[in-house]
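The lines below spell out each chain.
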Amino acid sequence: MRRGQNQGTQEVRRVRSPRRGEIPGVVEQILGHGKLKVRCADGKTRLTRIPGKMKKRIWIREGDVVLIKPWDFQSDEKADVIWRYTRTEANWLERRGYLKL
């Protein structure tokens, strides 16, 4: 078998479920400079930012499911992105009822 090919083993990974104060949402628009427009599960559209630590590690595209934490002030308008779900994790969230969009 060549190097770099998967040998049929799958990595089992737990899905991070939303905790208190965290809301799942779908990225609607990328605004640049680490800012996104996210349509949240509670029906609101928030302006979110990607913290620098996360910005260097992952790529977020339109349509991705993310987990956000609203700010203490302006909680209906602004938030921080704290997690990006893979497609299979997003499907799991939808089946469990966490993601109602």
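Residues numbered from 1 in each chain as written. Predicted model: local features only at pLDDT ≥ 70, side-chain atom pairs only at ≥ 80, totals over all residues. Heavy atoms only, no water.

Peer 1: Summarise the pattern of salt bridges; cite the residues concerned and give the values.
Peer 2: This structure, assessed with the given rule, holds five salt bridges. With its nearest N and O atoms 3.0 Å apart, the salt bridge here joins D76 to K44. Residue D76 is located in the loop between β4 (65-70) and β5 (78-84), and its partner K44 is located in the loop between β2 (35-40) and β3 (45-49); the two are separated by 32 residues in the primary sequence. Exposure remark for K44: the relative accessible area of 32% places this residue in the partly exposed category. In this structure, R49 engages D80 in a salt bridge whose closest nitrogen and oxygen atoms are separated by 2.6 Å. With R49 in strand β3 and D80 in strand β5, this pair connects stretches of sequence that are 31 residues apart. Given the relative accessible area of 16%, D80 is considered buried. (Salt bridge = Lys/Arg side-chain N within 4 Å of Asp/Glu carboxyl O. Helix = DSSP H or I, 4+ residues; strand = E, 2+ residues; numbered from the N terminus. Buried < 20%, exposed > 50% of the residue type's maximum accessible area, 1.4 Å probe, protein only.)

Peer 1: Could you give an account of the sheet that holds β3, naming the residues involved and the relevant values?
Peer 2: In space, the five strands of this closed barrel follow the order β1-β2-β3-β5-β4, with mixed pairing throughout. Averaged over all neighbouring strand pairs, the angle between strand axes comes to 55 degrees, with direction disregarded. Inspection of the sheet shows β4 paired to β5 by five bridges, in the antiparallel sense. Following the sheet pairing, I68 is matched in β5 by V81. (Pairing = 2+ DSSP bridges. Axes fitted to C-alpha atoms, helices over the stretch in contact; angles between N-to-C directions.)

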